[in-house]
Amino acid sequence: MPTIHLEIVTPEHVAYEDDVDSILLPTTDGEIAILPLHTPLLTQVIPGELVVSKNGQNLYLAIGEGFAEITQTNVRVLADMALQQAEIDEDAVQIAIRKAEESLSREQLAGEQLAAVQATLQKSLAQLKVKRRRNNN
Amino acid sequence: MPSTREIRRRIKSVKNTAQITKAMQMVAASKMRKAQNAALSSSHYAKLLHSMLATLGDRAQPDAHPLLHTPNSDRQLILLFSTDKGLCGPLNSNLFREAIQFNPSTTDFVASGRKGVQFLARLGRNLLADFSFPDSPSFLQVKGMSKFCIELFLDEKVASVSILYPKFINTLSQKPTLTQILPIQIESLQPIQIPSPQPPGPSSTSPSSNQNLQESLSIIPETFLFEPSPQAILDNLLPYYVHFQVYQMLLSTRASEHSARMVAMKNATDNANQLIKDITLEYNKQRQASITNELLDITTAQRALE
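This write-up is about the structure you can find in this document.

Calculation notes
Residues numbered from 1 in each chain as written. Chains lettered and ligands numbered in written order. Predicted model: local features only at pLDDT ≥ 70, side-chain atom pairs only at ≥ 80, totals over all residues. Heavy atoms only, no water. Core = buried A, V, L, I, M, F, W, Y, C linked by side-chain atoms within 4.5 Å. Buried < 20%, exposed > 50% of the residue type's maximum accessible area, 1.4 Å probe, protein only. Helix = DSSP H or I, 4+ residues; strand = E, 2+ residues; numbered from the N terminus. Contact = heavy atoms within 4.5 Å. Buried area = accessible area lost by both parts, 1.4 Å probe. Salt bridge = Lys/Arg side-chain N within 4 Å of Asp/Glu carboxyl O. Polar contact = N/O pair within 3.5 Å; in protein donor to acceptor, adjacent residues only side chain to side chain. Pairing = 2+ DSSP bridges. Axes fitted to C-alpha atoms, helices over the stretch in contact; angles between N-to-C directions. Phe/Tyr/Trp six-rings, centres within 6.5 Å; stacked < 30°, edge-to-face > 60°.

1. Description of the nonpolar core
Grouped together as the largest cluster of nonpolar side chains are 54 residues, with contacts concentrated most on B:Leu79, B:Phe81, B:Val161, B:Leu182 and B:Ile184. Looking at this core, the elements with two or more residues in it are helix H1 (4-56), strand E1 (76-81), strand E3 (126-131), helix H4 (139-154), strand E4 (160-170), strand E5 (173-182) and helix H8 (230-305) of chain B. Looking at this core, the element that brings in the most residues is H8(B), giving 14 residues. Listed in part, the 22 residues of the second largest apolar core include A:Ile4, A:Leu6, A:Leu61 and A:Ala68.

2. Comments concerning the interface of chain B and chain A
Listed per partner, the contact involves 36 residues of chain B and 34 residues of chain A. Contact between chain B and chain A buries roughly 3000 Å² in total, counting both sides, with carbon and sulfur atoms accounting for 63%. The largest per-residue losses of area from chain B upon contact with chain A belong to B:Tyr45, B:Met52 and B:Glu227, which jointly make up 21% of the total buried on that side. In this structure, the connection of chain B to chain A is made through 0 salt bridges. At the junction of chain B with chain A, the criterion picks out 6 residue pairs in polar contact (both at pLDDT 80 or more). Mapped by element, the contributors of at least two residues to the side of chain B that touches chain A are H1, H4, helix H6 (207-217), helix H7 (220-223), strand E6 (225-227) and H8 of chain B. Here the element with the most residues in the side of chain B that touches chain A is H1(B); it accounts for 10 residues.

3. Concerning the side chain of A:His38
By secondary structure assignment, the location of A:His38 is in the loop between strand E4 (30-34) and strand E5 (41-45). With relative accessibility at 17%, the residue A:His38 sits in the buried group.

4. Here's the deal with the sheet that holds E4(B)
Residues and elements named next belong to chain B. Taken in spatial order, the 5 strands line up as E3-E2-E1-E4-E5 in an open sheet, and their pairing is mixed. On the outer flanks of this sheet lie E3 and E5, each paired with one strand and no other. Ignoring which end each strand starts from, the neighbouring axes of this sheet average 25° apart. Packed on one face of the sheet, helix H2 (residues 91-99) meets E1, strand E2 (107-112), E4 and E5 and runs near 150° to E4.

5. Quick word on the packing of aromatic side chains
All names here are of chain B. Counted by the stated rule, this structure contains 10 aromatic pairs over all chains. The interplanar angle of 55° and the centroid separation of 4.8 Å between the aromatic rings of Tyr45 and Phe244 together place this pair among those described as tilted. Here Phe244 lies in helix H8 and Tyr45 lies in helix H1, a separation of 199 residues in the sequence. Under the relative-accessibility criterion, Tyr45 is labelled buried at 0%. With relative accessibility at 2%, the residue Phe244 sits in the buried group. With a centroid separation of 5.3 Å and an interplanar angle of 85°, the aromatic rings of Phe139 and Tyr247 are classed as edge-to-face. Note that Phe139 is positioned in helix H4 and Tyr247 in helix H8, a separation of 108 residues in sequence.

6. Quick look at the pattern of salt bridges
All names here are of chain A. Going through the model one piece at a time under the given rule, you end up with 8 salt bridges over all chains. With its nearest N and O atoms 3.9 Å apart, the salt bridge here joins Arg76 to Glu7. With Arg76 in strand E9 (residues 74-79) and Glu7 in strand E1 (residues 4-9), the pair connects residues that are 69 residues apart, well separated along the chain. Like Glu7, Arg76 is buried. Linking Lys123 and Asp80 is a salt bridge whose minimum nitrogen-to-oxygen distance equals 3.1 Å. With Lys123 in helix H2 (residues 111-136) and Asp80 in the loop between E9 and strand E10 (82-84), the pair connects residues that are 43 residues apart, well separated along the chain. With relative accessibility at 18%, the residue Lys123 sits in the buried group. Sharing partners across several salt bridges, the network here consists of Glu7, Glu69 and Arg76.

Put into structure tokens, the structure is as follows:
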């Protein structure tokens, strides 16, 4: 069975790199599933949950904003955040969510700042989703 | 001829200087490691971003997006990245030697780093803005500066934006480098895609399917899809690319600064230690000379009494 090479890179480090069976990726047009020999595609990634499946095992990553370049043999995801379950600190995320929600409801934010807070909120929610998933399983 | 007491005082003061430069060397060394890691770890990301932009390639004609198009203006904007503090060897002066060559009447400057601001003010160059960042700047903070430059560019105030910064090569060498960031030159990116590592085909695939893959790879440039649309991707990717480039060059500047300072302080410490050795030798000579003189005095006095 063919596999597809996945590379997830953030400005800080290479977060994940392996040959995998399939990938579920959140994009601006909704979630897309990528299998080997996928048609070449350049798309925008939004904060959410990225699922990698390999040998029947699923791996969940919280992914931030970025871009993905997909060819038939390669998937490269460039994002500003990519965390595996073990790397997520649930308490810190809860605090970040509360802070972001507070400043969204209380302060008059505009332009850049508003976008920054909203991005933080979305990324935190994505982290929480990934973290909680393991607890349910 | 200085007295032995004067020499002793000098030794003490040089020792103090050596102690200070040694401490500064240590501080710079630890900051250097951090800054170098930050600068190097983002380079893989930058490489992939380059190749992604190269994929856009033929979509990105100069009229496809304002950031690719050269505006009608005879001015150019230079971002000058220097350090806030001195004592970092020839780093800043090498940089300023390059900066001085731009035609003052058609060049506007945006500076980051106090030394650069002072330099431009002294020369009476047209300084539009001065941004200061903490020692390890975040992407968001740097975005403000690159946004300012993009706006100037889109308002057709300047025809091009370039960054002049000390590029970090290794601990011992930093090179003043001028890189154009706007308009984005897609053509200059193309060569990067060719040597980009094509990971070895998945080991589990059979040779025949590998061959199929190879064949299909050759037609990729024509068949790339863009979601949600090529225009939307361009609108997001291009400004992001500019922001990231500015960010990376600032990280490189920081790495250069701390490396240069570490080396400069190491040299200073070595020189001070050499000086201490020399003066100590001088001191010992004098001490021996005075002892010999005293002995002479004593023996002559004794002879006189006999």
